[in-house]
Amino acid sequence: MAILSIPDLNKTIHDAGEIRQFMNDRGIFFDQWEAPVAFQDDATPAQILEAYAKDLNPFMEAGGYQTADVITINHLTENYEAIRAKFLSEHTHSEDEIRFFVDGEGLFWFNLETEPVFNLLCEKGDLISVPEGTKHWFDAGEHNPFVKAIRIFIDMSGWIPEYTGSELEKRFSDFKIAKK
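A brief look at the structure comes next. (Residues numbered from 1 in each chain as written. Predicted model: local features only at pLDDT ≥ 70, side-chain atom pairs only at ≥ 80, totals over all residues. Heavy atoms only, no water.)

### Brief notes about the overall build of the protein chain
This is how the line gets drawn: Where helices and strands are cited, they refer to DSSP runs of H or I of at least four residues and of E of at least two residues respectively, numbered from the N terminus. Using a 1.4 Å probe on the protein chains alone, a residue whose accessible area is under 20% of its type maximum counts as buried, one over 50% counts as exposed, and one in between counts as partly exposed. Residue contacts follow a heavy-atom distance rule, with two residues in contact if any of their heavy atoms lie within 4.5 Å. Only four residue types enter the charge count, namely Lys and Arg as positive and Asp and Glu as negative; His and the chain termini do not. By convention, the charge on Lys lies at NZ, on Arg at CZ, on Asp at CG and on Glu at CD.
A count of helical and extended segments in the protein chain gives four helices and 11 strands. Principal-axis analysis of the C-alpha atoms places the extent of the protein chain at approximately 40 × 35 × 35 Å. Taking all 180 residues of the protein chain together, 46% fall into the buried category. Residue pairs in contact within the protein chain that sit at least 24 positions apart in sequence constitute 73% of those at least 6 positions apart. One way to put it: in the protein chain the 16 positive side-chain charges average out to a point 5 Å from where the 32 negative ones average out.

Here it is as structure tokens:
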């Protein structure tokens, strides 16, 4: 279950409907899909993509998306600290960043500049589409990271991060999510 936080307002939202409305009102697509499959650690990307093909294929076709892959981050990920540092820097992309979380969790941060910075903790079953050009950063966690997500693309080159250099993310480096 996703959790939305607005640190500067000391506000946390746990209700899925409220979160969906908040995100969609800001042009960020958020939905929740069924995620009933439990994968072993050695599950291949092909097995994961096949398990969700019935939902994934119509979504991709409707949006004109050409390809999908699977990203897995866990305690065995080599050079995790360097990878995390790249994700943690505020950036944009030249196409939408779409992820469907099949397991684990990750924290997306958003800087829309017209309102306080907010974040969304995505967990198993959460689908998010960050529009192209949206300033954001992502945290898989400092300790014991665990993310297993399907990424969807029109063109993978659109996912090359364009860093803003703002360093705004540093102001929120000590943030702790308020779970129920």
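### Observations concerning the nonpolar core
Basically, it comes down to this: Here, nonpolar core refers to any group of buried Ala, Val, Leu, Ile, Met, Phe, Trp, Tyr and Cys residues whose side-chain atoms link them within 4.5 Å.
One finds Met23, Phe110, Leu120 and Ile128 to be the most contacted residues of the largest nonpolar core, which totals 25 residues. Secondary-structure elements contributing two or more residues to this core are strand 1 (3–6), helix 1 (16–25), strand 4 (67–73), helix 4 (80–88), strand 6 (97–111), strand 7 (118–123), strand 8 (126–130) and strand 10 (147–153). If we skip the residues at most four places from it in the chain, Met23 touches Leu4, Ile28, Phe30, Phe110, Phe118, Leu120 and Ile128. Ranked by size, the runner-up nonpolar core spans 18 residues in total, among them Phe39, Ala68, Phe100 and Ile150.

### Considering unusual backbone geometry
Across the chain, the bulk of peptide bonds are trans and the bulk of non-glycine residues have phi less than zero. For Asn144, which is not glycine, the phi dihedral falls at a positive 50°. Relative to the helices and strands, Asn144 is located in the loop between strand 9 (135–139) and strand 10. A residue is classified by how much of its surface remains accessible, and Asn144, at 69% relative accessible area, is exposed. In this structure, Glu167 takes a positive phi of about 60° despite not being glycine. Looking at the secondary structure, you find Glu167 in the segment after strand 11 (162–163).

### With respect to the environment of Thr44
Within the secondary structure, Thr44 sits in the loop between strand 3 (29–32) and helix 2 (45–51). Under the relative-accessibility criterion, Thr44 is labelled partly exposed at 34%. Taking the C-alpha atoms as reference points, Thr44 and Val70, separated by 26 residues in sequence, lie 8.7 Å from one another.

### A look at the pattern of salt bridges
Put simply, the rule is: Salt bridge, as applied in this entry: a Lys or Arg side-chain nitrogen positioned within 4 Å of an Asp or Glu carboxyl oxygen.
Under the defined criterion, the tally for this structure stands at nine salt bridges. With its nearest N and O atoms 2.8 Å apart, the salt bridge here joins Asp139 to Arg84. With Asp139 in strand 9 and Arg84 in helix 4, this pair connects stretches of sequence that are 55 residues apart. We classify Asp139 as buried; its relative accessible area is 17%.

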